[in-house]
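# Per-entry structural report
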Amino acid sequence: MTTDQLEREGDIAADYIEEFLDICDLDGDIDIDARNGRAYLAVKASEADSLRVLSKPETVNALQELTRLAVQNKTGSFSRLILDIGGSREAREAELAALVTRAIERIVGGATEADLPAMSSYERKLVHDIVAASGGYRSESSGEGRDRHTVITAA
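The notes below deal with the structure included here.

### Remarks on the pairing of strand β5 (residues 137-142)
Taken together, the six bridges between β5 and strand β6 (residues 149-154) define a ladder with antiparallel strand orientation. Looking across to β6, one finds that Glu-140 is bridged to Val-151.

Here it is as structure tokens:
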């Protein structure tokens with residue numbers, strides 16, 4: 001996608017999220033970015049607790065899917081938009097890094113492989129990046145649909 005298309009996606013998504021926040025009577029500032037072929041929206045608030053209920057992983061994923069559908073409805077194209085609410089993505093990346101560390105510890109302890117729980121394609125991509133950066137280990141996705149997960153092995 002071109003930068004213009006990603007910026008348009010971001011603008012449409014920001015309008016949708018802004019309306020959602022208004023309905024919920026929540027304040028938030030929306031930052032729009034385009035990188036790695038995706039539009040990124042970050043919703044931040046001056047009072048950290050005001051977005052707490054929306055920043056739970058399941059809630060962020062659900063709202064992200066709704067926002068993608070709103071964008072798709074306006075553009076006619078599938079959206080790979082990423083939504084971050086109240087730092088939820090950074091928190092999830094830290095959780096995934098800890099999960100990978102524990103999995104590698106199991107392999108060091110004698111396991112031939114370590115299966116991680118099922119997760120979204122975006123989270124699996126993050127896991128693959130974390131494993132690649134750890135050196136000496138490799139990862140691949142396994143399973144189908146909602147059961148798709150990452151398996152880590154020694155390289």
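Anyway, onward from the coordinates.
### Quick word on the pattern of salt bridges
In this structure the tally under the stated criterion is seven salt bridges. Across the pair Asp-31 and Lys-44 runs a salt bridge whose closest N-O atoms are separated by 3.3 Å. Linking Asp-31 in strand β1 (residues 29-35) with Lys-44 in strand β2 (residues 38-44), this pair joins segments that are 13 residues apart in sequence. Using a relative accessible area of 39% as the deciding quantity, one classes Asp-31 as partly exposed. Overall, the relative accessible area of 45% leaves Lys-44 in the partly exposed class. One salt bridge connects Arg-92 with Glu-95, and the closest N-O pair in it is separated by 2.9 Å. Within this pair, Arg-92 and its partner Glu-95 are both found in helix α3 (residues 88-108), separated by three residues, close to a single helical turn. Here Glu-95 falls in the partly exposed class, since its relative accessible area comes to 41%. One salt-bridge network, in which partners are shared between bridges, spans Arg-92, Glu-95 and Glu-123.

About the thresholds
- Residues numbered from 1 in each chain as written.
- Predicted model: local features only at pLDDT ≥ 70, side-chain atom pairs only at ≥ 80, totals over all residues.
- Heavy atoms only, no water.
- Pairing = 2+ DSSP bridges.
- Helix = DSSP H or I, 4+ residues; strand = E, 2+ residues; numbered from the N terminus.
- Salt bridge = Lys/Arg side-chain N within 4 Å of Asp/Glu carboxyl O.
- Buried < 20%, exposed > 50% of the residue type's maximum accessible area, 1.4 Å probe, protein only.

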